[in-house]
Structures are given as C-alpha cells and as structure tokens.
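Given next are the chains, with one letter for each unit.
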Amino acid sequence: MVLVAVLALLLAPLAGTAAAADRPSVQLSKSQAGTGGSITVSGSGWRQRTLLMILICGQAVPSRGVPGGTNSCANADGRAVTTDAKGGFSRKLPVSEPPVPCPCVVHVATVTGAKAEADAVFQVAGHAVEPLPADTSGGRLSVLTDTALNGSSGLLTWFGAPPARTLVFTVGNVGTSDVRNPVFQVGTAHGVFAPQWDEQQWRGTIRPGGRARIELPVELSAGAHGDYTVSLKYGGKVLAEQPWGVGRPWGVTLFWILVCLVVPAALFRIGMAVVDRVRPRPAGGVRHRGVRLPELALRLPGFKPSTAAHAATPTATSTLPWFTPDADPGTAGGRLSAPHDDSPTSPATPPSPPAPTSPATPTREGST
C-alpha cells in the first residue's frame, strides 16, 4: 500500500503535465504594456496548420472567457497566425486599448474548423479598469447535439427573395437553477466578415439537468448568395456554428437578360413609328394604306359594277405611245396590252405574187 501511494504521488504531476500539454495554451512576453508598444504572443498545443486570431479584449478573465465576444476586443489591431506542424506559433501583436475597460486578456481562437480558444491575462497601461459584472445566473446552457438548418428555398428565393431557414439544436441546463425564457443571439457572417447578431428569445423553462429542443428562425438579406456561417451565442459565449451555402438567384439574372433584350427592341419599334409619322409625304398626294375597295371589286370575277360605281371610278388616261386617244384599249374595251403577233415564234408567211394580167388589145381607130 505504501508503494502504491508513492507511485500515485509520482505519476500525478506527469498526468497533469500531459493533460495540460493537450490543451491549447498562450504565453506572453510581457504582462503589461502601453498603447503603441508591442508584445510577442506564443502558444502550443493547437492543431497543426490551423489559422488563429489574436486579439486584446476587455472585460474578460481566463476563467470566464470573453463574455462580450469580439465586440469587446480591439479588432482593428488584431493579428492572424497559422500554427506549425507541431501545433505551436509565435506572433508579434501591437498593443491597443479595447473598447471596454479592463481587466483585459489576450484572446486566441481558431478561425476555421473545430472551435478552440485560450486566454492569457494582460494589462493595458493607462487604460481604465472596472470590476466585472456579477454573474447572478445560476443556470448555464450547453449545446448537447449538433446544430442543423432545416428548410429549403422556394421559387421566390430563385428570383431574389430573402433565403430563410430554421436553426435547430438541443441544449441542456448544466447549472443549479432554472433558466427561464433564455435569450439567444443568432449571427450570420458572409465569408471572413464579422457576424451580424440578432437577439431571439425562446419561451420556456429549462430545469437543472433538463434539456430542450430549440428552433430559431434565420433569414438573410434579399439576393444573398455564397458561403455563410450561422453562429449561436448565449451568455456572451459562442455555443455553435453552422455553415450555410446559399445558391445564386438565377431568376434575377434571367430577368435582367430579358430586360436587355426587350427594352432595346421596344425602343427600336417606337423610334420606327415616330420616323414613319414625321417623314415627309410624297408630292402626289396623301399616302393610303391598304387596298381600295373599288379597285378590289373591279378585279373580282363575275362582279358587274353599277353605273354609280363606273361614275365614281376615274377613267385612266392612256399614256402608251402607240395608242391614240381614240384607239385607247381602256375606253374601247380592247386588250390592255400592247399589240403583238399572235404567234411570234412561227415563221413569217411570204406574200403571194400578184396575178398576171393580159396585155391590152390594141384597137383600131374607127372600128367597132
């Protein structure tokens, strides 16, 4: 029994060291610096080839994390770093004042992949220091299952309507008191931009050790497309993130293509109509569109025009050079074409010779 106790005492520090080595950690070259200076931030125990974000945040301590999220951090002066093959990194960080008072920390968190974060205490020289607000809530919620986005896009979304989904997840109360009507924050981020948070309240009570299925609506702006990330925050901590790929609204593209084709065609037709109206008329008189009924009636077979119709129809004056006014075929009822041979292809018939005449018989003067 004494030997077992001695071995336990010897192996306990080693086990604690191995467990600490597995967790991400952050070390600072200085624990305090003023605005305008810089510190070196290094870490170990992170995933290999992982992109990290380094920020100075206010109103935070390592035991509680960053309750205000990145809104309480100096985001403009943050830095990004990628871990090496052993999960370590080292990066110089400029010192700047966060938008909220200290106590402050240097906050390191993963940007992509599984969520991991670590904090180190840091003091910004000359920055205001205020005590942290008391945590009066005895209930704490934790996400027990993976989040999911339920729903699908309809025809209106294909034409640019706002895409909408329902964020579904299950939470459990790991605290010591009831959680009544919890208020969640749902954020949507496009690409690498910061999420836009929207507060949504769930009606109900979650008792200690109990669980509840939560459904919260999520909606993007009209015409949104691309890769989005839906984040869930409660009590200042991000509980889960869910990727969302939104398709392009091709109906909007089709609409603009049709506009580019129809509008020029309509303008062309309007322009041609205006030109047809304003162009000068011929000198002979007024233009007439369509077919005149008297002319059409005269050309119909079997139609006998009346005397009034003959009187109303003007008599065309012949202008053909081979007709005289008296021999005009239009008035005499003859043919309306120029005279020609009935058989132009037949050879011409030679004229017959004249009949021979007998010579005159001379008469004698005085004879009978």
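This structure is a prediction, so every number in the text was calculated from the model and none was measured.

Here's the deal with the pattern of salt bridges
Then step 1. Going through the model one piece at a time under the given rule, you end up with five salt bridges.
Then step 2. With a shortest N-O distance of 3.7 Å, Arg 180 and Asp 178 are connected by a salt bridge.
Then step 3. Its salt-bridge partner being Arg 279, residue Asp 276 comes within 3.0 Å of it at the nearest N-O pair.
Then step 4. Through salt bridges that share partners, Asp 178, Arg 180 and Arg 207 make up one connected network.

A look at the sheet that holds strand S1 (residues 25-28)
Then step 1. Across the sheet, three strands lie side by side as S1-S3-S6; this open sheet has antiparallel pairing. Strands with a single pairing partner mark the edges of an open sheet, and in this sheet they are S1 and strand S6 (89-94). Strand-to-strand twist of the sheet, defined as the mean angle between neighbouring strand axes without regard to direction, takes the value 25°.
Then step 2. Inspection of the sheet shows strand S3 (residues 38-44) paired to S6 by six bridges, in the antiparallel sense. Across the sheet, residue Ser 38 finds its bridge partner in S6, namely Pro 94.

A short note on the pairing of S3
Then step 1. Residues Ile 39, Val 41 and Gly 43 of S3 are buried on one face, while the alternating residues Ser 38, Thr 40, Ser 42 and Ser 44, pointing to the opposite face, are not.
Then step 2. Of the pairings in the sheet, the one linking S1 to S3 comprises four bridges and is antiparallel in character. Paired with Ser 25 across the strands is Ser 44, a residue of S3.

A few points about the environment of Tyr 234
Then step 1. Mapped onto the secondary structure, Tyr 234 falls in strand S17 (residues 226-234).
Then step 2. Taking the C-alpha atoms as reference points, Tyr 234 and Phe 184, separated by 50 residues in sequence, lie 5.1 Å from one another.
Then step 3. In this view, Tyr 234 contacts Leu 141, Val 179, Pro 182, Val 183, Phe 184 and Leu 239; residues no more than four positions away in its chain are not counted.

What about the nonpolar core?
Then step 1. By size, the foremost hydrophobic cluster in this structure holds 22 residues, and its most contacted members are Phe 169, Phe 184, Ile 214 and Trp 244.
Then step 2. Looking at this core, the elements with two or more residues in it are strand S11 (164-173), strand S13 (183-190), strand S16 (211-219), S17 and strand S18 (237-246).

Here's the deal with the packing of aromatic side chains
Then step 1. Overall, the coordinates contain five aromatic pairs when judged by the stated rule.
Then step 2. Ring geometry for Phe 184 against Tyr 234: centres 5.3 Å apart, planes inclined by 45°, an arrangement best described as tilted. Taken together, the residues span a long stretch of sequence, with Phe 184 in strand S13 and Tyr 234 in strand S17 at a distance of 50 residues.
Then step 3. In this structure Tyr 234 comes out as buried when scored by relative accessible area, which is 17%.
Then step 4. Between the aromatic rings of Phe 255 and Trp 256, the centroid separation amounts to 5.4 Å while the plane-to-plane angle is 70°, which identifies the pairing as edge-to-face.
Then step 5. Classification of Trp 256 by relative accessible area gives exposed; the value is 52%.
Then step 6. Among the aromatic residues, those joined into a cluster by ring pairs are Phe 169, Phe 184 and Tyr 234.
Then step 7. Here Arg 248 stacks its cationic end above the ring of Trp 250, 5.7 Å away from the centre of that ring.

Some details on the sheet that holds strand S14 (residues 196-201)
Then step 1. Pairing is antiparallel across the open sheet formed by four strands, whose spatial order is S14-S13-S17-S18. Both outer strands of the open sheet, S14 and S18, are each paired with one neighbouring strand and no more. For this sheet, the mean angle separating the axes of adjacent strands, direction not counted, is 25°.
Then step 2. Alignment of S13 against S14, held across six bridges, turns out to be antiparallel. Across the sheet, residue Thr 188 finds its bridge partner in S14, namely Gln 196.

A look at the state of the cysteines
Then step 1. The full count for this structure, using the stated rule, is two disulfides.
Then step 2. Each sulfur of the disulfide joining Cys 57 and Cys 73 lies 1.9 Å from the other. Handedness here is read from the sign of the S-S torsion; for Cys 57 and Cys 73, about 95°, the answer is right-handed. On the criterion of sequence distance, the pair formed by Cys 57 in strand S4 (residues 51-58) and Cys 73 in the loop between S4 and strand S5 (79-82) is long-range, its members being 16 residues apart.
Then step 3. Judged by relative accessible area, Cys 57 falls into the buried class, the value being 0%.
Then step 4. Assessed through its relative accessible area of 4%, Cys 73 is described here as buried.
Then step 5. In this model Cys 102 forms its disulfide with Cys 104; the gap between the sulfur atoms is 1.9 Å. Handedness of the Cys 102-Cys 104 disulfide follows from its S-S torsion of about -90°: it is left-handed.
Then step 6. In the chain, the cysteines engaged in disulfides, taken in order along the sequence, are linked 1-2, 3-4.

Comments concerning the confidence of the model for the chain
Then step 1. Averaged over all residues, the pLDDT of the chain is 77; the fraction at 70 or higher stands at 69%.
Then step 2. Below pLDDT 50 for its whole length, residues 11-21 participates in one contact with residues either more than four positions away or in separate chains.
Then step 3. Taken as a whole, residues 363-368 scores under 50 in pLDDT and shows zero contacts with residues more than four places along the chain or in a different chain.

Rules and cut-offs
Residues numbered from 1 in each chain as written. Predicted model: local features only at pLDDT ≥ 70, side-chain atom pairs only at ≥ 80, totals over all residues. Heavy atoms only, no water. Salt bridge = Lys/Arg side-chain N within 4 Å of Asp/Glu carboxyl O. Pairing = 2+ DSSP bridges. Helix = DSSP H or I, 4+ residues; strand = E, 2+ residues; numbered from the N terminus. Axes fitted to C-alpha atoms, helices over the stretch in contact; angles between N-to-C directions. Buried < 20%, exposed > 50% of the residue type's maximum accessible area, 1.4 Å probe, protein only. Contact = heavy atoms within 4.5 Å. Core = buried A, V, L, I, M, F, W, Y, C linked by side-chain atoms within 4.5 Å. Phe/Tyr/Trp six-rings, centres within 6.5 Å; stacked < 30°, edge-to-face > 60°. Lys NZ or Arg CZ within 6 Å of the ring centre and 35° of its normal. Disulfide = S-S within 2.5 Å. pLDDT = per-residue confidence, 0-100.

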